[in-house]
Amino acid sequence: MSFLRKQLRSQTFYLWLVGCLLTTYALLRAWFVAPLHDENATFNYYIETGAIWGKGSLLDANNHLLNSYIGRFFYQIFGEHYFLFRLPTALSAGLYFWVIWKLTFTFVSNWQRWIVTLAIVCIPFVFDYFSYTRGYGLALCFFCCALYFLQRWLITAKYGLILALVVCLLLSVSANLTFLISAVLVMSYVIVVVLIHLK
């Protein structure tokens, strides 16, 4: 029993260590990497003006709503600093790592679970999104959270988890509309499963 406790403590330590290292890497990139053209456009058209939705706003795919609103909030409090606009997305890197780890719980071998988790999280062009004031990182993080709640609901049949799933899907879609089709597919699957169980 004491051996199992030591194993769990050791694994928890390594999870925290890797999560903190990945988040630190995302934060360092957010600080040192020069603003991208798309980030400048987001700042000029939405964050600085506050014209994010409705009359006077520019209809453009570059407007990732959740990202623009968070950027506007930080801009009003702290002023113009791209690191602060990037901060929420960079911090979500730790949550993204944790939720991918949770999604791989079915792996029998612990080392296989680590390899798959790190292989998914550390894809360079994907992880780079967690260092920019863009909606992709937040959207991916929230969508994976939704998949985690879906997984937990299918295992436990606790319907309260569907609410958490829906909230995460809404946040994901509001962060980036490219996740709309995926969100619709997930919700369609949930509805089909519920209807089957009601029969």
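Presented here is a report on the structure given in the accompanying data block. Quick caveat: nothing in here was measured; it's all calculated off a predicted structure.

1. A look at the overall build of the protein chain
Looking only at helices and strands, the protein chain has 9 helices and 0 strands in total. Element order for the protein chain, N to C, with α for helix and β for strand: α-α-α-α-α-α-α-α-α. Dimensions of the protein chain along its principal axes, counting C-alpha atoms only, are 60 × 45 × 25 Å. Looking at the protein chain residue by residue over its 199 residues, the buried ones come to 43%. The contacts in the protein chain between residues at least 6 apart in sequence include a share of 67% that link residues at least 24 apart. In the form shown here, the protein chain has an accessible surface area of approximately 11600 Å², with 71% of it arising from carbon and sulfur atoms. A distance of 25 Å separates the average location of the 13 positive side-chain charges in the protein chain from that of its 6 negative side-chain charges.

2. Brief notes about the environment of A51
Structurally, A51 is set in the loop between helix 2 (37-47) and helix 3 (65-78). C-alpha of A51 to C-alpha of R72: the two residues are 21 residues apart in sequence and 9.6 Å apart in space.

3. Some details on the pattern of salt bridges
Per the stated rule, a full pass over the model turns up 3 salt bridges. Close ionic contact of D38 with R134 constitutes a salt bridge, the shortest N to O distance being 3.7 Å. In this pair, D38 is assigned in helix 2 and R134 in the loop between helix 6 (124-127) and helix 7 (136-156), connecting sequence segments 96 residues apart. Among the salt bridges present, the one from E39 reaches R86, with a minimum N-O distance of 2.7 Å. Of this pair, E39 sits in helix 2 while R86 sits in helix 4 (residues 82-103), and the two are 47 residues apart along the sequence. Across the pair, R86 and E39 agree in class, each one buried.

4. Remarks on a nonpolar patch on the surface
A grouping of F13, Y14, L17 and L21 is seen on the molecular surface, where their side chains present a nonpolar patch of about 420 Å² in accessible area. The residue L17 is located in helix 1 (residues 2-32) in this model.

5. Points about helix 5 (residues 110-121)
Given 3.6 residues per helical turn, the α-helix brings residues three or four places apart onto the same face. With 12 residues, helix 5 extends 17 Å between its outermost C-alpha atoms, agreeing within 8% with the 16 Å of an ideal straight helix rising 1.5 Å per residue. Of the positions making up helix 5, those classed as buried are R113, W114, T117 and V121. All buried residues of helix 5 lie within an arc of 100° about the axis, which places them on one face of the element.

6. A few points about the side chain of Q151
With respect to the element layout, Q151 can be found in helix 7. For Q151, a relative accessible area of 16% translates into the label buried. A polar atom in the side chain of Q151 sits 3.2 Å from the backbone oxygen of L103. Those residues in contact with Q151, other than ones at most four positions away along the chain, are K102, L103 and F105.

7. Here we look at the nonpolar core
Residues Y96, F130 and W153 are the most contacted members of the largest nonpolar core, which totals 51 residues. Filtering out sequence-adjacent residues up to four positions away, W153 remains in contact with K158, Y159, L161, I162, V190, V193 and V194.

8. Some words on the packing of helix 4 against helix 7
Taken N-terminus to C-terminus, the directions of helix 4 and helix 7 make an angle of 30°; their axes are 9 Å apart at the nearest point. The orientation of helix 4 with respect to helix 7, classified from their angle, is roughly parallel. Crossing of helix 4 against helix 7: the hand is left-handed. The residues of helix 7 that touch helix 4, namely those facing P88, T89, S92, L95, Y96, W98, V99, I100, K102 and L103, are G137, L138, L140, C141, C144, C145, L147, Y148 and Q151.

Cut-offs applied
Residues numbered from 1 in each chain as written. Predicted model: local features only at pLDDT ≥ 70, side-chain atom pairs only at ≥ 80, totals over all residues. Heavy atoms only, no water. Helix = DSSP H or I, 4+ residues; strand = E, 2+ residues; numbered from the N terminus. Buried < 20%, exposed > 50% of the residue type's maximum accessible area, 1.4 Å probe, protein only. Contact = heavy atoms within 4.5 Å. Areas by Shrake-Rupley, 256 points an atom, 1.4 Å probe, with all protein chains shown as cover. Lys, Arg positive; Asp, Glu negative; His and termini not counted. Charge placed at Lys NZ, Arg CZ, Asp CG, Glu CD. Salt bridge = Lys/Arg side-chain N within 4 Å of Asp/Glu carboxyl O. Patch = residues over 30% accessible without salt bridge, like charges linked within 9 Å, V, L, I, M, F, W, Y side chains within 5 Å. Expected span 1.5 Å × (residues − 1). Arc of directions from axis to C-beta. Polar contact = N/O pair within 3.5 Å; in protein donor to acceptor, adjacent residues only side chain to side chain. Core = buried A, V, L, I, M, F, W, Y, C linked by side-chain atoms within 4.5 Å. Axes fitted to C-alpha atoms, helices over the stretch in contact; angles between N-to-C directions. Parallel < 35°, antiparallel > 145°, perpendicular 65-115°, else oblique. Left-handed = near helix turned anticlockwise from the far one by under 90°.

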